[in-house]
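A look at the structure
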Amino acid sequence: MLNVKSWSAEWGGRTLTVEVGKFALQANGSCTVRYGDTMILATVVQSDEAREEIDYFPLAVDFQEKLYAAGKIKGSRFIKREGRPSDESVLVGRMVDRAIRPLFNDQARNDVHVVVTALSVDGQNDAAIPAFVGASVALAISPIVWDGPIACARIGKKDGNLILNATLSEAEEGILDLVVAGTPDRLVMVEAGAKEIPEAELIDAMKWGCSQLKPALDLVSKIQKEIGAQKNMTPVADDLKGIDDNVEEKIRQTTRQFVLEKAGEMMFDSVKVGRKERDEMVKKIKKAAAEYLTAQGFAEEAHQAGLNNVKEYAAEAAAKRILEKDQRLDGRALTDIRELNVEIDCIPRVHGSGMFMRGDTQVLSVVTLGAPGDVQTLDTMEEEGTKRYMHHYFDAPFTYGEAGFMRGPSRRAIGHGALAERALEPVLPSQEDFPYAIRVVSEILGSNGSSSMASACGSALSLMAAGVPIKKPVAGIAMGLASNENKWKVLTDLQDVEDGPGGMDFKIAGTRDGITAVQMDTKTKGLTWDIVETAVKQAREGLSQILDSMAKVISEPRAELSPYAPRIETIMIDPDKIRDVIGPGGKIINKIIDETGVQIDIEQDGRVMITSTDADGMRRAVKMVQDLTKEVEPGEIYEGTVVRLEDFGVFVQILPNKDGLVHVSEIAWQRINRPGDVLNLGDKVKVKVKEIDNLGRVNLSMRALLPRPDGFVEQSPRPPRGHHQGGSDRQGGGFLKRRP
């Protein structure tokens, strides 16, 4: 017998309903969440056994899109089941992960798996919000140790008004699409896309959004109080079998204390500390810590319990030095940016390229321009249509100075690419002004902090170098944090050794006039608003410095595209004539493409966009389309082909889909008895349009283009000799010589 319980609350003008006890009862925690007609199943399970010899907390969050939720069947003819996760589902999973992760004990080594499945979507209420609420409920009622609950909301801004849980259409139409997670007092995670929103307005929106989380938080807390399990699962795993827990903990604490007190000289004795130096530094600290543990009487086989965490302890030591002495590993002040190197045109023949390097983080961004038909087709659970601007982020083991296997893009790569893409979207030209499909690939050639923001900078450089008329340059920077229970300091231009316990990674991208993208996650229990305000203000100063450096190399888009980029010519035609260009079964348009080598895209409003890298092919294709759609006007002159002979005249093709009649009397000034006496099929002739009758038939004349003979006298029309189709019914005159 199912023991189903349900709770509801009004939130943002809609009912939020949580139900427990019906589905997925084998999980440690499960629930369904309904918001509007969007419904989510959330589950969480923690493994019984800990994973040995890992130095991180093994949390995994998966968001599953189900096409049935949107009433869809997969478009592929051969594969109808859901396959690999879409980019959108990866991004939602990462967003939930970044929000809930800081509230776990990061020393835990038991696997925790959160799975959020979309059961129904209504096309308006974003599935990410009930997905997050579901994850929070599942964790809160489970026996898994987690320092929640928290809630999440999507904030829009339109016509000057903030909107709680903006619908998909409201978020798209407004100037802000902001997701905040946390409590009214603390911000745990934020992600945003904006149309150059001022910093003060962004902060106000974040504060307002968190203040609106209370109804959802109260609902989750109520559910946890009523049915929540006792939090009795072991949060921290045994690192080594057969070793007493107290000995293990003593090894950890001894190692930590050694790193914090004795390794300072190893960490701060170098002017330059990049990624390679950092890795060598960690190796030296590990070696010294192992020697110290041996000297303290700990068996060598037990050392790993402490040595696994040396990197984390080193980051803690770095934060401690920052808090106590304002000293960073590389000698920078807290507001300084690492050395910048900016270049464009790094690669021959590509349509545009830019290199952006900040410290050891190096990104090469490359632009490819394509025809309008090269856009990406979207067919996911919540998205349909096309995507014109694509940014793809690629890293490899060498990026981090490592050796390893290369597979497809990781969840991290998908997330970083999407963030840089979002940063540039607000400054792109409209499709009407610049109809190209645009793809930017950012190759991460070295990484030591904020490669996603370096990708945003590299993208802006490469787009301007390619001649894409972006409205303004965009730059990005990552802000860090050093903090303990009593003190905090914000760091400009975070490098990864500084991203440790008590830290944050607050990425901010924008133009000189406002913010275009934000993403923040933290290793604290949440940020206070004074930290947030300081980070945003300090980021503005950093963005200005980076934009200044970029402007020294290229300050605005080039006026001309690369000679290797395709050209697009747009022709406006009567929409009723689209079928004339396409032809039956695509016969005509395919003939044009085959003969000229161009690519043709047609919109329903009558825009015909012809793309080619061959000027001659472009010219011929344009003429063919113009000829197919041209409206014939009286008085125009054409060179046509005789396509049919009749006793009453000849039919001449003047355009690909248009014939006209040259009556026998209009062939020449002299009398012609039969057109076949002077003309043959296939002859090329010049004709002038005499008239277009009320049935749309075109009457042509050849003789109107010939000199009128001296003394010519028009003869009386000959009597009609029978019915004919097309043209005029008038019979011709003749040429009479004067008698002497």
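Residues numbered from 1 in each chain as written. Predicted model: local features only at pLDDT ≥ 70, side-chain atom pairs only at ≥ 80, totals over all residues. Heavy atoms only, no water.

Focus: the overall build of the chain
To keep things clear, this is the line we draw: Starting at the N terminus, helices and strands are each numbered in turn, a helix being any DSSP run of H or I of at least four residues and a strand any DSSP run of E of at least two. Within these notes, the globule rule equals 2.2 Å times the number of residues to the 0.38 power, and the radius of gyration is based on C-alpha atoms. Working definition: with a 1.4 Å probe on protein chains only, accessible area under 20% of the residue-type maximum means buried, over 50% means exposed, and in between means partly exposed. We call two residues in contact whenever any of their non-hydrogen atoms come within 4.5 Å of each other. Here the accessible surface of atoms and residues is derived via Shrake-Rupley with a 1.4 Å probe, and residues count as covered only by protein chains that are part of the display. Positive charges come from Lys and Arg, negative ones from Asp and Glu, while His and the chain ends are left out of the count. Every charge is mapped to an atom, namely NZ of Lys, CZ of Arg, CG of Asp or CD of Glu.
From N to C terminus, the chain includes 16 helices and 29 strands. Whereas a compact globule of 740 residues would reach a radius of gyration of roughly 27 Å, the chain reaches 36 Å, over 25% beyond that. Of all 740 residues assigned to the chain, the portion counted as buried reaches 52%. Counting contacts in the chain only where the partners sit at least 6 residues apart, residues at least 24 apart contribute 70% of the total. Carbon and sulfur atoms make up 48% of the accessible area of the chain, which totals about 34,300 Å². Counting 94 positive and 110 negative side-chain charges, the chain places the centres of these two groups 5 Å from one another.

Overview of helix α15 (residues 587-596)
As a reminder, the rule being used: Directions drawn from the helix axis to the C-beta atoms are what define this arc.
Among the residues of α15, Ile589, Ile592 and Thr596 are the ones counted as buried. Buried residues of α15, seen end-on, are gathered within an arc of 60° and therefore sit on one face of the element. What points out from α15, more than 90 degrees from its buried face, is the exposed set Lys587 and Asp594. Looking one or two places after α15, you find Gly597, whose phi comes out positive at around 75°.

Section: the packing of helix α11 (residues 411-424) against helix α12 (residues 451-466)
Keep this limit in mind: Orientation is described by lines fitted to C-alpha atoms, with helices fitted over the stretch in contact, and by angles between N-to-C directions that extend from 0 to 180 degrees. Any angle from 65 to 115 degrees is called roughly perpendicular, while one under 35 is roughly parallel, one over 145 is roughly antiparallel, and all others are oblique. Put simply, a crossing is left-handed when the front helix is turned counterclockwise from the back one by less than a right angle, and right-handed when it is turned clockwise. Classes in brief: Ala, Val, Leu, Ile, Met, Phe, Trp, Tyr, Cys and Pro nonpolar; Asp, Glu, Lys and Arg charged; the others, Gly included, polar.
In contact at an axis separation of 9 Å, α11 and α12 are set at 45° when each is read in the N-to-C sense. In this view, α11 runs oblique relative to α12, as classed from their interaxial angle. Viewed along their axes, α11 and α12 form a crossing whose handedness is right-handed. Residue-level inspection shows Arg412, His416, Leu419, Ala420, Ala423 and Leu424 of α11 in contact with α12, the latter providing Ser451, Ser452, Met453, Ser455, Ala456, Ser459, Ala460 and Leu463. Looking at the contact of α11 with α12 residue by residue, the classes come out as eight nonpolar, five polar and one charged.

Comments concerning the packing of aromatic side chains
How we decide: The criterion for an aromatic pair is that two Phe, Tyr or Trp rings (for Trp, the six-membered ring) have centres within 6.5 Å, with stacked assigned to planes under 30 degrees apart, edge-to-face to planes over 60 apart and tilted to the rest.
Throughout the structure, instances matching the rule amount to six aromatic pairs. Ring geometry for Phe57 versus Phe104: centroids 4.9 Å apart, planes at 40°, classification tilted. Highlighted residues: Phe57 in the loop between β4 (38-50) and β5 (59-64) and Phe104 in the loop between α1 (87-100) and β6 (110-120), separated in sequence by 47 residues. Grouping residues by exposure puts Phe57 and Phe104 together as buried. Between Phe258 and Tyr292, the ring centres sit 4.9 Å apart and the planes meet at 25°, which makes this aromatic pair stacked. Highlighted residues: Phe258 in helix α6 (residues 245-262) and Tyr292 in helix α8 (residues 275-295), separated in sequence by 34 residues. A relative accessible area of 29% places Tyr292 in the partly exposed class. An aromatic cluster is present here, built from Phe57, Phe104 and Trp146 joined pairwise through their rings.

Things to note about the nonpolar core
Most often, soluble globular proteins keep nonpolar side chains buried together rather than apart. Put simply, the rule is: As used here, the term nonpolar core means buried Ala, Val, Leu, Ile, Met, Phe, Trp, Tyr and Cys residues forming a set that is joined through side-chain atoms within 4.5 Å.
If you look at the biggest cluster of nonpolar residues, it comprises 138 residues, and the most contacted ones within it are Trp11, Ile100, Met206, Leu463 and Phe506. Examining the composition of this core, we find that 11 residues originate from one element, helix α2 (residues 128-141), more than from any other. Not counting residues within four places of it along the chain, the set of residues in contact with Trp11 comprises Leu16, Tyr35, Ile129, Val133, Cys152, Ala153, Leu164, Asn165, Gln212, Leu213, Pro215 and Ala216. Ile251, Leu260, Ala289 and Leu329 belong to the second-largest nonpolar core, a separate cluster that totals 23 residues.

A closer look at unusual backbone geometry
Excluding glycine, residues mostly have negative phi values, and the peptide bonds linking residues are mostly trans. The omega torsion of the bond from Gly148 to Pro149 falls at 5°, within 30 degrees of zero and hence cis. When you line up the elements, Pro149 lands in the loop between α2 and β7 (151-158). With a phi angle near 55°, Glu196 is a residue other than glycine that sits in the positive phi range. Assignment of secondary structure puts Glu196 in strand β10 (residues 187-197). Classification of Glu196 by relative accessible area gives partly exposed; the value is 22%. Even without being glycine, Asp493 reaches a positive phi, approximately 60°. Position of Asp493 among the secondary structure elements: in the loop between β19 (488-492) and β20 (504-510).

Things to note about the environment of Asp574
We apply this condition: Two N or O atoms form a polar contact when they lie within 3.5 Å of each other; inside protein one atom must be a possible hydrogen donor and the other a possible acceptor, and for residues adjacent in sequence the pair counts only when both atoms belong to side chains.
Within the secondary structure, Asp574 is located in the loop between β22 (567-572) and α14 (578-582). Among the polar contacts listed, one links the side chain of Asp574 to the backbone nitrogen of Asp576, at a separation of 2.9 Å.

Section: the pattern of salt bridges
The following threshold applies: Just to be clear on terms, a salt bridge is a Lys or Arg side-chain nitrogen sitting within 4 Å of an Asp or Glu carboxyl oxygen.
Applying the stated rule across the entire model yields 44 salt bridges. The residue Asp177 makes a salt bridge to Arg154 at a minimum N-O spacing of 2.5 Å. Of this pair, Asp177 sits in strand β9 (residues 176-182) while Arg154 is found in strand β7, placing the two residues 23 residues apart along the sequence. Note on Asp177: relative accessible area 22%, which makes it partly exposed. In this structure Arg154 comes out as buried when scored by relative accessible area, which is 11%.

Focus: the pairing of strand β13 (residues 361-370)
Our working definition: Two strands pair if DSSP finds at least two bridges between them.
Of all 10 residues that make up β13, eight are buried, and the element is covered over most of its length. Taken together, the seven bridges between strand β12 (residues 352-358) and β13 define a ladder with antiparallel strand orientation. Paired with Ser353 across the bridge in β13 is Val366. The turn linking β12 back onto β13 is made up of two residues, and Gly359 within it adopts a positive phi angle of 65°. Two elements, β13 and strand β17 (residues 437-446), share nine bridges in a ladder whose sense is antiparallel. Looking at β17, one finds that Val363 is bridged to Ile444.

Things to note about the side chain of Arg154
At 2.5 Å, the side chain of Arg154 and the side chain of Asp177 are in polar contact. Excluding residues that lie within four positions of it along the chain, Arg154 makes contacts with Asp126, Ala128, Ile129, Ile163, Leu164, Asn165, Ala166, Asp177, Leu178 and Val179.

What about the sheet that holds β7?
Consider a sheet: its strands pair through backbone hydrogen bonds, and that pairing is either parallel or antiparallel. The strand order across the open sheet built from eight strands is β8-β7-β9-β10-β21-β20-β18-β19, with neighbouring strands paired in antiparallel fashion. Looking at which strands have only one partner, the edges of the open sheet turn out to be β8 (161-164) and β19. Ignoring which end each strand starts from, the neighbouring axes of this sheet average 20° apart. Packed on one face of the sheet, helix α13 (residues 529-553) meets β10, β18 (475-483), β19, β20 and β21 (515-522) and runs near 140° to β18.

A few points about the environment of Glu201
Along the chain, Glu201 falls in helix α4 (residues 199-211). The spatial distance from the C-alpha of Glu201 to the C-alpha of Gly514 is 9.8 Å, given a sequence separation of 313 residues.

Notes on the sheet that holds strand β23 (residues 599-602)
Taken together, three strands build an open sheet; the order of strands is β22-β24-β23 and the sheet is antiparallel. Here the strands that pair on one side only, and so sit at the sheet edges, are β22 and β23. Neighbouring strand axes in the sheet, compared pairwise and without regard to direction, differ in orientation by 20° on average. Relative to strand β24 (residues 607-612), β23 is paired through four bridges, and the arrangement is antiparallel. Of the residues in β24, the one forming a bridge with Gln599 is Thr611.

Quick notes on a nonpolar patch on the surface
As a reminder, the rule being used: Patches in this entry comprise residues that are over 30% relatively accessible and not in a salt bridge; like charges within 9 Å are linked, as are nonpolar side chains (Val, Leu, Ile, Met, Phe, Trp, Tyr) within 5 Å.
Among the surface-exposed residues, Leu2, Val4 and Leu25 lie close enough to one another that they form a single nonpolar patch of about 260 Å² accessible area. Within the secondary structure layout, Val4 lies in the segment before β1 (5-11).

Quick look at the confidence of the model for the chain
Our working definition: Per-residue confidence from the prediction method is given by pLDDT, with values spanning 0 to 100.
For the chain, the mean per-residue pLDDT works out to 89, and 93% of the residues sit at or above 70. Note on residues 235-242: pLDDT is under 50 here. Beyond four places in sequence and across chains, it has 29 contacts. Within the model, pLDDT remains below 50 along residues 720-740, and this stretch shows 55 contacts once partners closer than five positions in the same chain are excluded.

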